[in-house]
Amino acid sequence: MELRQLEYFVAVAEERSFTRAAERVHISQSGVSAQVRQLERELGAELFDRSARVVTLTVAGKAALDHARAALAAAGAVGQAVGEVTDLIRGRVTVGMVIGCTLTPLFDALAAFHEAHAGVEIVLLEDSSDRLVEGVRTGAFDLALVGTATTAPDGLEALTIISERLTAAVPAGHPLAKQPHLRLRDLIAHPIACMPPGTGLRTVFDQACAAQGLHPTITLQASAADAIADLAARGLGVAVLSSSMAEKHRDRLTVRAIDDVGTPAVLALIWKSAPTPAVGRLLAHCRQAFTE
């Protein structure tokens, strides 16, 4: 039994897909499958039910998962302990970033961290915010930049980067452009262009509508704010964006705050308490980059 086999097993279990697990560990899908099969032969039991579209754990797999995670954590702790004594940080940090977000301070922080700790491998992956939050909880990600409807997801530490109200953006000729104040009820009479479920902005919007018993028609979904603005500019829907997202498009869109949505859309860095030395150093670089 090898550590890499346990790593691949945990990746498949958390991703519920051999394809996504292969992308996560940066080898071919056939390589992941072969190593998991070898682990199953050594254990004498199948760990996954492969009969459905989504891979699920068997009873044996569920029994093995926590122990596999513990073994990987213990192996990582060996290197961390030596690193703390020798002041040499090595290993890997896995960073998550919500799809459609390109905040350059994060990239500046990664570059500064890489320059200071070249022995640490940096892995950067995109995903939806809800999957990233779960990934930080399970240990699949060490640190993630996510959109959320709360200051800090339950059980995690967080550094708020942006906290903004929701706005509606429409072209100049749109009926809503003539109204100085907008409420959710004004929006639902029109098609909506918004981010997909699993993003923080969409969560804020959905929760606000549900609280008022409103059922908007969201006909257009895109992960990138610029794409949502482009759709709105062509008259295809009312764009629902945060204030800074909409601000960049004031040359072609009329932007109005949504008065009865008080909960802000939050963009935050999240991590588990008691981070490893490598994650702690990366967090320090992130704090400096986002402050500057």
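As the structure is a computational prediction, the values presented were derived from the model and not from experiment.

Trainee: Is there a simple way to think about the overall build of the chain in this case?
Mentor: Along the chain, the regular secondary structure elements total eleven helices and twelve strands. Each principal axis of the C-alpha distribution contributes one length, and for the chain these read about 70 × 45 × 30 Å. The buried share among the 292 residues of the chain stands at 43%. Of the roughly 14,400 Å² of accessible surface on the chain, a fraction of 53% belongs to carbon and sulfur atoms. Positive and negative charge centroids in the chain, built from 27 and 32 side chains respectively, lie 5 Å apart.

Trainee: What's the story with the sheet that holds strand β7 (residues 166-170) in this structure? I'm lost.
Mentor: Whenever strands of a sheet pair, they do so through backbone hydrogen bonds, lying parallel or antiparallel. Taken together, the five strands give an open sheet; going across it, the order is β9-β8-β10-β7-β11, and neighbouring strands pair in mixed fashion. Of all the strands in the sheet, the pair left with one neighbour each is β9 (218-221) and β11 (254-257). Along the sheet, successive strands turn relative to each other by an average axial angle of 30°, direction set aside. Running over the sheet, helix α9 (residues 225-233) touches β7, β8 (192-194), β9 and β10 (238-242) and is turned about 150° from β10.

Trainee: Explain the side chain of His190 to me, please; I cannot follow it from the model alone.
Mentor: Looking at the element boundaries, His190 is found in the loop between α7 (184-187) and β8. A relative accessible area of 18% places His190 in the buried class. Residues within four places of His190 in sequence aside, it is in contact with His174, Pro175, Leu176, Thr217 and Val238.

Trainee: What am I meant to see in the packing of aromatic side chains here?
Mentor: The tally for this structure, following the rule as stated, stands at two aromatic pairs. Feature note: the residues Phe9, Phe18 and Phe48 constitute an aromatic cluster, connected by ring pairs.

Trainee: How should I be thinking about helix α3 (residues 29-43) in this particular structure?
Mentor: Helical geometry note: an α-helix holds 3.6 residues per turn, so side chains three or four residues apart project in the same direction. Its 15 residues place the ends of α3 21 Å apart at the C-alpha level, agreeing with the 21 Å of an ideal helix rising 1.5 Å per residue. Listing the buried residues of α3 in full gives Val32, Gln35, Val36, Leu39 and Glu40. Relative to the axis of α3, the buried residues are bounded by an arc of 145° and lie together on one face. Facing away from the buried surface of α3 by more than 90 degrees, the exposed residues are Ser30 and Arg41. Close packing links the buried residues of α3 with α1 (3-15), α2 (18-25) and β1 (48-49).

Trainee: Is there a simple way to think about unusual backbone geometry in this case?
Mentor: Most of the time, phi is negative for any residue but glycine, and the peptide bond is trans. In this model, Arg16 sits at a positive phi of 55°, which is unusual for a non-glycine residue. Locating Arg16 in the fold gives a position in the loop between α1 and α2. Classification of Arg16 by relative accessible area gives partly exposed; the value is 45%.

Trainee: Please explain the pattern of salt bridges as it appears in this structure.
Mentor: The tally for this structure, following the rule as stated, stands at 18 salt bridges. Between Glu121 and Arg92 there is a salt bridge; the shortest N-O distance is 3.3 Å. Here Glu121 is found in strand β4 (residues 120-127), whereas its partner Arg92 is found in strand β3 (residues 91-98), with 29 residues between them in sequence. One salt bridge in this structure joins Glu247 and Arg250, with 2.8 Å as the shortest N-O distance. Owing to a relative accessible area of 45%, Glu247 belongs among the partly exposed residues under this scheme. Owing to a relative accessible area of 44%, Arg250 belongs among the partly exposed residues under this scheme. One salt-bridge network, held together by shared partners, links Glu14, Glu15, Arg20, Arg24, Asp66, Arg69, Asp127 and Arg131.

Trainee: Can you walk me through the state of the cysteines in this structure?
Mentor: By definition, a disulfide links the sulfur atoms of two cysteine residues through a covalent bond. With the rule as written, the count across this model stands at zero disulfides. Lacking any disulfide linkage, Cys194 is separated from the closest cysteine sulfur, that of Cys209, by 8.9 Å. The exposure class assigned to Cys209 is buried, which follows from its relative accessible area of 2%.

Trainee: Even after reading the chapter, I still don't get the sheet that holds strand β5 (residues 143-148), so can you show me in this structure?
Mentor: Strand order in the open sheet formed by five strands is β4-β3-β5-β12-β6, with mixed pairing between adjacent strands. Edge positions in the open sheet fall to β4 and β6 (157-164), since each of these has one partner strand only. Across this sheet, the average inter-strand angle for adjacent strands is 20°, counted without regard to direction. Bridge count between β3 and β4: eight bridges; the pairing is parallel. Bridging from a neighbouring strand, Val93 pairs with Ile122 of β4. Against the sheet, helix α6 (residues 129-138) touches β3, β4, β5 and β12 (265-271), its axis set at about 140° to β5.

Trainee: How do you make sense of helix α8 (residues 200-211) when you look at a structure like this?
Mentor: Over its twelve residues, α8 extends 17 Å from the first C-alpha to the last, a length consistent with the 16 Å expected when each residue adds 1.5 Å. Every buried residue of α8 is listed here: Gly200, Leu201, Arg202, Val204, Phe205, Ala208 and Cys209.

Here is what the cut-offs are and how they apply
Each chain has its residues counted from 1, running along the sequence as written. Residue-level local features of this predicted model are given only where pLDDT is at least 70; pairs of side-chain atoms are given and counted only at 80 or more, and the full residue set underlies all totals for whole chains, interfaces and linings. The side-chain numbers reported here are obtained from all heavy atoms of the structure, hydrogens and water having been left aside. Under the scheme used here, helices are H or I runs from DSSP no shorter than 4 residues and strands are E runs no shorter than 2 residues, and both carry numbers assigned from the N terminus. The classification of residues rests on relative accessible area computed with a 1.4 Å probe and restricted to protein chains. Under 20% of the type maximum is buried, over 50% is exposed, and intermediate values are partly exposed. For the area figures, the Shrake-Rupley method with a 1.4 Å probe applies, and any residue is considered shielded solely by the protein chains shown. Positive charges come from Lys and Arg alone, negative charges from Asp and Glu alone, with His and the N- and C-terminal ends not counted. To locate a charge, take atom NZ for lysine, CZ for arginine, CG for aspartate or CD for glutamate. At least two bridges found by DSSP between two strands is the condition for calling them paired. Angular values range over 0 to 180 degrees, each being the angle between N-to-C directions of two axes fitted as lines to C-alpha atoms, with helices fitted over their stretch in contact. In what follows, a contact means two residues having at least one pair of non-hydrogen atoms within 4.5 Å. Here a pair means two rings of Phe, Tyr or Trp (six-membered ring of Trp) with centres within 6.5 Å. Their orientation is stacked below 30 degrees between planes, edge-to-face above 60, and tilted elsewhere. Here the expected span of a helix is defined as 1.5 Å times the quantity of residues minus one. Read the arc as the range of directions from the helix axis to the C-beta atoms. Only one rule defines a salt bridge in this text: a Lys or Arg side-chain nitrogen within 4 Å of an Asp or Glu carboxyl oxygen. A pair of cysteine sulfur atoms is labelled a disulfide when the two atoms are within 2.5 Å.

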